Amino acid sequence: MKKIFVLLLCFSTQLIAQESTFRVNGPANKIHTTYAFKHARIFSDYQTVMENATLIIRDGVVVSAGVQSEIPSDAVVFDMQGKTIYPGFIDLYTTYGTPVPPKAKYPDFPQFESATKGAYAWNQALKPEVDASRVFTYNNDYAESLRSNGFSAALSFVKDGIARGTSVLTTLSDGRDNSTIIFPRAAAHYSFEKGSSTQQYPSSLTGAIALLRQTFLDAEWYKNDKTKKEVNLSLEAWNSNMLLPQIFEVNDKYSVLRADKIGDEFNVQYVIKGSGDEYQRINEIKQTNASLIVPLNFPVALDVEDPFNALNASLEDLKHWEMAPVNPAVLEKNGINFAITSADLKDRKEFLSRLQKAVEYGLSEKQALKALTATPAEMLKAQDKIGSLKPGMLANFIITSGNIFEKKSVIFENWIQGKPFKVNDYTRDISGHYTLNAGPYTLELKIAGEPAKPSATMIRDTMKIKSGIQIAGKLINLSFDPKDHQKQGMVRLDGLIEIAGTTASMTGKGQLQNGEWVTWNATYKSALTEAEKKDTTAKQLPVYGEVTYPFGSFGWKEMPAQGAYLIKNATVWTCEEKGILKNTDVLIEKGKITRIGKNLNSAGAVVVDGTNKHVSPGIIDEHSHIAIAHGVNEGTHALSSEVRMGDVIDPDDVDIYRQLSGGVTTSQLLHGSANPVGGQSAIIKLRWGFAPEKMNLEQADGFIKFALGENVKQSNWGDQNVIRYPQTRMGVEQTYYDAFIRAKEYEKKMKEADGKGKTKGGQVVRRDLQLEPLVEILNNKRFITCHSYVQSEINMLMHVADSMDFKVNTFTHILEGYKVADKMKAHGAGASTFSDWWAYKMEVQDAIPYNASIMSKNEIVTAINSDDAEMGRRLNQEAAKIVKYGKVSEEDALKMVTLNPAKLLHLDHRMGSLKEGKDADVVVWSDNPLSIYAKAEKTFVDGRLMYDVEQDKVLRALTSSERNRIIQKLLKEKAEGGATKKPEIKGKRHYHCDTMLNNYMEE
């Protein structure tokens, strides 16, 4: 072993002989270095392993790896008996050697234009021109932290912005940057995060998505329009970057789907850097066909010893702690191509232990090695340079004590481009039985385990005593507790190991418990028996729970199916001409209402006893903000018509389940009211547990949010918000005129263009996602829901609409609607209002509780909405108030939360009432649905029983049982010395019309 150390010292500083543009001071080094590593277990790639093989490298490049490899005469030979050699690992997601971007520090006043100087993008978050290779420089500490985990190459980029420019692929050697860089422009990088940008836009996730969409279109326009009069270096870089592998970072499982959807729109297949929770939606992620880069950022155990602190831990957090290590195994099982990264670890020293834990949880060693070598190389089209030990490849490899995927194994050296980097001292097998003499003590000493991670057992008078051992090269440290009654404490010994043939001996000095120094020695007696060499520790397979949908409380193990249900002998509120039917049956089959009548029969249908029960159509909330991720407002511009709430549906929002318990089956998810023209809305069925796209209502008309009043002119936003146009009600009117005039001009250009978007003059029409929804409005293909209060503004918008030839579909809130009901009728607008909200701000001072009934009596389609997650659970009671205020009949009052919102959303042909052929969105109530005592006992959505009061009790019990089971595991983890942290309260943020964010990814 001494020979190896001497040779490494001699050659570790030699320069590899190669051609270079750099001049040297003095004679050039022309030495060719050849190394041979014999008698090793060698993985030439992830699927080829050779026993007793030889690896030969020359001038930093692999010459051969095989059992019959002939060792050149000029080679420096290393005996790797008992050692294993793997290809060096590749980390595809690092910021190694690149500068840390500044943290965004927002100015005192809103910033609407980019502060980036030069002919670059209009938005600071777009930085495709950033070239990491131009700012890259060797960072020893970072490189060492990666090398110690077996990485020999890394992809490095500047982690800043939505478009982040290009990354550099480099080895982790300490040579000149010129000699370590493999590809200077290896991949292009993207995210949904603004990074250091202090520009207002985007202020929401949906805005970030819209910015990416528009940039794709702008880049295409910039490339094709030869008549353009602008230079945009960012778009030039964007187009150039499209030739590279595309890597997109996301923060959760649903954003994997969002990123892939953008890629599909523009024929780009992203490699997606995930967050480690992909197992929770594996079927949908598999369908993307995307390759993934996955971290091993398994969460730290939660400290739940205090039962009250434990209440702060959500079931989702508890389950993720238990199941996160299974993520790589689930990806492998589902045939998903993925690479493993050290990213997102607070301490990279934990990487190997996390990797070994992933293997313990089912990841095969073959797939683990592939995910660290071949897969990342292939993702970057660098498989001819790195990722295996084939002839001609870079000599990047690690030397380990054994199986790298077992905890007892260590990395000795990491060779990069033919240069060794020490990770741990080489160790010699000194296992066996010894006689230890240390001052007054004579003990039996047994050293067992792997040479790199030995264990020591000492016996005194047949009694085993507590002991410890550490070995570093020739140095050894022993400690033991002799358990003397007169003396307390540990005996500590330091010494040297002497090897003679196949045996070892040890000598040195140490201290007794009282501080007295003594000499000591250990004399070899015999080798370990075969039985002693075996690890008798029983390996326990991890036990963990199941994935539920959603992943947390009230989740399903299997999604409810569209069954056949026969509700018998109920009071049926049809919300049709038939009115309220007593002792009537309702048959549900294949997601539809198939029959309504008396004495119905259906073989195989589940019979629901409706005696003394009431049955109604599912409630429809025309104005809701539940189930939206990372921001409800993109209020940074007067127009944000390009954003789409359907892009950011959060199907795990518990408010979905809560509103099902209140009989709600359909909701329109609206943009907020921060600007005159907001975003496009999403209409969803409350399909609890379904993936985001499956919640969107199929074949529904498109809607968009407009707004009037205090919010849009920023009346109550503070003294700093006096810059964004408009600042007055007059400005709001002008904003609408300007927007629709531009939309008409845009439409005219598009109609004049040929099939390729070119006009007769050769100009390419730039697609504008902000104007396209307004063109849809002009053509009755998209419809307006307008936040409104004051009669003057309601009149104003109807006048703008009439003069520009479009209609306002719905005025929402409209608390002064009773003043302009006749004009609304003439215009053809509907109303969606509150039952009895008033006096909560200046513009609602004239609100009255009779508003809904007055508008309804003026033949305006009138609905009652929630605009609030809590109110959404009791819209039946909100409708009941209209019976009191205005003497509206009970049937008509119920229609205000069923049939009327269906009409406003153009959905009354399929929902809103109980009629043969309509969607089976049905609620079984314990009492009159307008009663404050009524409870929704069963809520069907598309014929699926999505909420059941009895099943709810089962789900609550399962939640409690699952929490307690995992808590017991956490208590055991802490008792065994595992790291823990206190649970954090993660309250669900309820969005309202005026909710504004800056850093939407850090809510």
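This structure is a prediction, so every number in the text was calculated from the model and none was measured.

Student: Explain the overall build of the protein chain here, please?
Tutor: If you tally the helices and strands in the protein chain, you get 26 helices and 44 strands. By principal-axis analysis of the C-alpha atoms, the protein chain measures approximately 105 × 75 × 55 Å. Put simply, 68% of the contacts in the protein chain that link residues at least 6 apart link residues at least 24 apart. For the protein chain, the accessible area works out to roughly 43000 Å², and carbon and sulfur atoms hold 49% of it. Each charge sign in the protein chain was given a centre, from 122 positive and 123 negative side chains, and these centres are 2 Å apart.

Student: Mind showing me how you'd approach the sheet that holds strand β34 (residues 677–680) here?
Tutor: Pairing between the strands of a sheet comes from backbone hydrogen bonds, and it takes one of two forms, parallel or antiparallel. What the six strands build is an open sheet, ordered β34-β36-β37-β38-β39-β40; its pairing is mixed. Two strands lie at the open edges of the sheet, namely β34 and β40 (862–864), each paired on one side alone. Between one strand and the next, the sheet's axes are offset by a mean angle of 25°, whatever the strand orientation. As paired strands, strand β38 (residues 810–813) and strand β39 (residues 830–833) are joined by four bridges and run parallel to one another. The residue of β39 that forms the bridge with His813 is Thr833.

Student: Quick question: what am I supposed to make of the nonpolar core here?
Tutor: Generally speaking, soluble globular proteins have nonpolar side chains that are buried together. Core analysis: the largest hydrophobic core is formed by 138 residues, its most contacted members being Phe192, Leu292, Ile340, Phe351 and Leu355. Broken down by element, this core gets its largest block of residues, 11 residues, from helix α5 (residues 205–224). Discounting residues that sit within four places of it in the chain, Ile340 has contacts with Ile90, Val294, Leu296, Phe351, Leu355, Leu363, Ala368, Ala371 and Leu372. The next biggest cluster of nonpolar side chains, apart from the first, holds 42 residues, and it includes Ile704, Met796, Phe806 and Met824.

Student: Sorry if this is basic, but what is going on with helix α18 (residues 729–752) here?
Tutor: Along an α-helix, residues three or four apart share an orientation, since each turn contains 3.6 residues. Over its 24 residues, α18 extends 35 Å from the first C-alpha to the last, a length consistent with the 34 Å expected when each residue adds 1.5 Å. Buried residues along α18 sit against β34, β36 (702–707), α19 (772–778) and α20 (791–804).

Student: I would appreciate a short explanation of the packing of α5 against helix α6 (residues 233–241) in the present structure.
Tutor: Two quantities define a packed helix pair, namely the angle between the helix axes and the distance between the axes. At a minimum axis distance of 9 Å, the contact between α5 and α6 shows a crossing angle of 90°. The angle between α5 and α6 places the two elements in the roughly perpendicular class. Note on element contacts: α6 touches α5 through Leu235, Glu236, Trp238 and Asn239, opposite Leu212, Thr215, Phe216, Asp218, Ala219, Glu220, Tyr222 and Lys223. Of the residues that constitute the contact of α5 with α6, the class distribution is six nonpolar, two polar and four charged.

Student: Is there a simple way to think about the sheet that holds strand β32 (residues 619–624) in this case?
Tutor: Pairing is mixed across the open sheet formed by three strands, whose spatial order is β32-β33-β35. Looking at which strands have only one partner, the edges of the open sheet turn out to be β32 and β35 (682–685). Going across the sheet, the axis of each strand differs from the next one's by a mean of 20°, ignoring polarity. Sheet topology note: the strand β33 (residues 664–669)/β35 ladder contains four bridges and is antiparallel. Note that in β35 the partner of Thr666 across the bridge is Lys685.

Student: Help me understand the side chain of Asp303, please; the structure alone is not making it clear to me.
Tutor: Turning to its location among the elements, Asp303 is positioned in the loop between β13 (301–302) and α9 (307–310). Engagement of the side chain of Asp303 in a polar contact is seen with the backbone nitrogen of Glu305, the distance being 3.2 Å. Apart from residues lying up to four places away in sequence, Asp303 is in contact with Lys974, Thr980, Lys981, Lys982 and Pro983.

Student: What's the story with the packing of α18 against α20 in this structure? I'm lost.
Tutor: For the pair α18 and α20, interaxial distance at closest approach is 11 Å and the crossing angle is 20°. Comparing the axis directions of α18 and α20 gives the class roughly parallel. In the packing of α18 onto α20, the handedness of the crossing is right-handed. On the side of α18, the interface is formed by Arg729, Val732, Glu733, Tyr736, Tyr737, Phe740, Ile741 and Lys744, while α20 contributes Glu793, Met796, Leu797, His799, Val800, Ser803 and Met804. Partitioned by chemical class, the residues of the contact of α18 with α20 number nine nonpolar, two polar and four charged.

Student: Help me understand the packing of aromatic side chains, please; the structure alone is not making it clear to me.
Tutor: Note on aromatic pairs: each is described by the distance of the centres and the angle between the planes. Applying the stated criterion to the full structure yields 39 aromatic pairs. Note on Phe216 and Phe266: the rings are 4.4 Å apart at their centroids and 5° apart in plane angle, and the pair reads as stacked. Of this pair, Phe216 sits in helix α5 while Phe266 sits in the loop between α7 (253–265) and β11 (271–273), and the two are 50 residues apart along the sequence. Like Phe216, the residue Phe266 is buried in the burial classification. Judged by centre distance (6.3 Å) and plane angle (45°), the ring pair of Phe706 and Phe740 falls under tilted. Linking Phe706 in strand β36 with Phe740 in helix α18, this pair joins segments that are 34 residues apart in sequence. Note on accessibility: Phe706 and Phe740 belong to one class, buried. Pairwise contacts between aromatic rings join Tyr190, Phe192, Phe216, Trp238, Phe248, Phe266 and Tyr270 into one cluster.

What counts, and where the lines are drawn
- Residues numbered from 1 in each chain as written.
- Predicted model: local features only at pLDDT ≥ 70, side-chain atom pairs only at ≥ 80, totals over all residues.
- Heavy atoms only, no water.
- Helix = DSSP H or I, 4+ residues; strand = E, 2+ residues; numbered from the N terminus.
- Contact = heavy atoms within 4.5 Å.
- Areas by Shrake-Rupley, 256 points an atom, 1.4 Å probe, with all protein chains shown as cover.
- Lys, Arg positive; Asp, Glu negative; His and termini not counted.
- Charge placed at Lys NZ, Arg CZ, Asp CG, Glu CD.
- Pairing = 2+ DSSP bridges.
- Axes fitted to C-alpha atoms, helices over the stretch in contact; angles between N-to-C directions.
- Core = buried A, V, L, I, M, F, W, Y, C linked by side-chain atoms within 4.5 Å.
- Buried < 20%, exposed > 50% of the residue type's maximum accessible area, 1.4 Å probe, protein only.
- Expected span 1.5 Å × (residues − 1).
- Parallel < 35°, antiparallel > 145°, perpendicular 65-115°, else oblique.
- Nonpolar A, V, L, I, M, F, W, Y, C, P; charged D, E, K, R; others polar.
- Polar contact = N/O pair within 3.5 Å; in protein donor to acceptor, adjacent residues only side chain to side chain.
- Left-handed = near helix turned anticlockwise from the far one by under 90°.
- Phe/Tyr/Trp six-rings, centres within 6.5 Å; stacked < 30°, edge-to-face > 60°.

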